[in-house]
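# Survey of secondary and tertiary structure
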Amino acid sequence: MSIVVAIDGPSGSGKSTVARGVADALGLDVLDTGAMYRAITQAVLARGADPHDAAACAQIAREVAVDVGERVLLDGIDVTSAIRGPEVTGAVSTVSAHSEVRSVLVDRQRAWVDQRGGGVVEGRDIGTVVFPQATVKVFLTASGDERARRRQRDEQEAQREVEVDEVRDDLARRDHLDSSREASPLRAAPDAESIDTTGRSATEVIDHVVQRVRAAVAEAG
Ligand code: DC
């Protein structure tokens, strides 16, 4: 049986940590689809295209090669740090709102899973659009304060100093854009389990998701 674990939620909800932990425990690969949208946004900015121009963004998305693993490669160039910088973070919600861009990346996300016969996939629309038949779907949330603190810690680890209020405002701005867009808005699938990770350890959440996957596999026989 091919196992697909869909992990969705807003920025700072703990998706990446939980996705990595679940993938390690189950011996699966993990795909960070946010990094794919960020890499396309990096290419749009590098080429001087307008992030609001859907056709131009989709054309670029079709042309570039994006490889998301330990490092993120854009046409073979390492953009792992650049895609977390303020320029890309500021434009990624605009670029990812175009349905033409999304359809290019959704096809690649499905191909990635097909090649491996399964995997753990994290993003915003994995349980709703990309893999509606996923083995297990979770939608992670956390309080605004906790999410801002986590994002600030990520920024500090990347040697970028930001105020927690600034991070909180940016999260609210992106949440609004990601949730209100017409194409595949950020939303929990009706059959996803919502998990509030505020005050819970990563291990606790990872163990819970792993148990759910094992139970689903056992049930399928
Ligand atoms: O997870 P992240 O913050 O790196 O994602 C960056 C942006 O990409 C996010 O603001 C919305 C977009 N995104 C998306 O639209 N669909 C996904 N499956 C993943 C990310």
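These notes cover the structure that comes with them.

Definitions and limits used
- Residues numbered from 1 in each chain as written.
- Predicted model: local features only at pLDDT ≥ 70, side-chain atom pairs only at ≥ 80, totals over all residues.
- Heavy atoms only, no water.
- Helix = DSSP H or I, 4+ residues; strand = E, 2+ residues; numbered from the N terminus.
- Rg over C-alpha atoms; globule rule 2.2 N^0.38 Å.
- Buried < 20%, exposed > 50% of the residue type's maximum accessible area, 1.4 Å probe, protein only.
- Contact = heavy atoms within 4.5 Å.
- Areas by Shrake-Rupley, 256 points an atom, 1.4 Å probe, with all protein chains shown as cover.
- Lys, Arg positive; Asp, Glu negative; His and termini not counted.
- Charge placed at Lys NZ, Arg CZ, Asp CG, Glu CD.
- Near = heavy atom within 4 Å.
- Polar contact = N/O pair within 3.5 Å; in protein donor to acceptor, adjacent residues only side chain to side chain.
- Nonpolar A, V, L, I, M, F, W, Y, C, P; charged D, E, K, R; others polar.
- 1 Å grid on protein atoms, 1.4 Å probe; cavity = no way out; pocket = protein on both sides within 12 Å on 5 of 7 lines; lining within 4 Å.
- Points joined across faces, edges and corners; volume = space filled by probe spheres on them.
- Pairing = 2+ DSSP bridges.
- Expected span 1.5 Å × (residues − 1).
- Arc of directions from axis to C-beta.

### Some remarks on the overall build of the protein
Scanning the protein from terminus to terminus reveals 9 helices and 8 strands. Against the 2.2 N^0.38 benchmark of 17 Å for 221 residues, the protein shows a C-alpha radius of gyration of 17 Å, consistent with a compact globule. Projecting the C-alpha coordinates of the protein onto the three principal axes gives extents of approximately 50 × 40 × 30 Å. Each of the 221 residues in the protein was classed as buried or not, and the buried ones make up 49%. Considering only contacts in the protein between residues 6 or more positions apart, those separated by 24 or more positions represent 75%. A total accessible area of about 10,600 Å² is found for the protein, and carbon and sulfur atoms account for 48% of it. Averaging the locations of the 27 positively and 37 negatively charged side chains of the protein gives two centres separated by 2 Å.

### Focus on the site of the ligand
Near the ligand lie 16 residues; those nearest to it are Arg38, Arg102, Asp125, Asp178 and Arg181. Within the contact set of the ligand, an oxygen atom lies 2.8 Å away from a side-chain nitrogen or oxygen of Asp178. At 2.8 Å from an oxygen atom of the ligand is found a side-chain nitrogen or oxygen belonging to Arg181. When the ligand sits alone it has 450 Å² of accessible area, and the protein chains cover 97% of it. Of all the elements in the fold, those that place two or more residues in the shell around the ligand are helix H2 (33-46), helix H4 (86-95) and helix H8 (164-180). Residues that form the shell around the ligand fall into these classes: 2 nonpolar, 5 polar and 9 charged.

### A word on unusual backbone geometry
Excluding glycine, residues mostly have negative phi values, and the peptide bonds linking residues are mostly trans. A positive phi angle, close to 50 degrees, is found at Asp75, a residue other than glycine. With respect to the helices, strands and loops of the structure, Asp75 is situated in the loop between strand E4 (72-74) and strand E5 (77-78). Under the relative-accessibility criterion, Asp75 is labelled partly exposed at 43%. One non-glycine residue, Gln159, lies in positive phi territory at about 65 degrees. On the secondary structure map, Gln159 appears in the loop between helix H7 (144-157) and H8. Gln159 gets classed as exposed once you look at its relative accessible area, which sits at 68%.

### Focus: the side chain of Arg151
On the secondary structure map, Arg151 appears in helix H7. Of the residues examined, Arg151 reaches a relative accessible area of 14% and is grouped as buried. Here the side chain of Arg151 touches Ser11 through a polar contact of 2.8 Å, side chain to side chain.

### Remarks on the layout of surface pockets
Volume-wise, the second largest pocket comes out at about 270 Å³. Forming the boundary of the second largest pocket are 16 residues, of which Pro86, Thr89, Glu155, Val162 and Asp170 lie nearest the centre. Residue assignment for the lining of the second largest pocket shows that the elements contributing at least two residues are H4, H7 and H8. Ranked by residues supplied to the lining of the second largest pocket, first place goes to H8 with 6 residues. Tallied by class, residues from the lining of the second largest pocket come to 4 nonpolar, 4 polar and 8 charged.

### Structural notes on the pairing of strand E6 (residues 118-123)
Judged by how many residues are buried, E6 sits mostly within the fold: 6 of 6 residues are covered. Neither face of E6 is exposed, since Gly118, Val120 and Glu122 on one face and Gly119, Val121 and Gly123 on the opposite face are all buried. In this sheet, E6 lies alongside strand E1 (residues 3-8) in parallel orientation, the contact comprising 6 bridges. Bridging across to E6, Ile7 finds its partner in Glu122.

### Side note on empty space enclosed by the protein
Empty space among the atoms can be located by rolling a probe the size of a water molecule over them. According to the stated counting rule, one finds 1 cavity of 30 Å³ or more in the structure shown. Among the elements that line the lining of the largest cavity, the one with the most residues is strand E7 (residues 136-141), at 3 residues. In the lining of the largest cavity, the residues fall into 5 nonpolar, 1 polar and 3 charged.

### Quick word on H8
An ideal rise of 1.5 Å per residue puts 24 Å on 17 residues; H8 measures up with 24 Å between its terminal C-alpha atoms. Turning to H8, its buried residues are Val167, Leu171, Arg174 and Asp178. Viewed along the axis of H8, the buried residues span an arc of 75 degrees, placing them on a single side of the element. For H8, the exposed residues set more than 90 degrees away from the buried face come down to Asp169 and His176.

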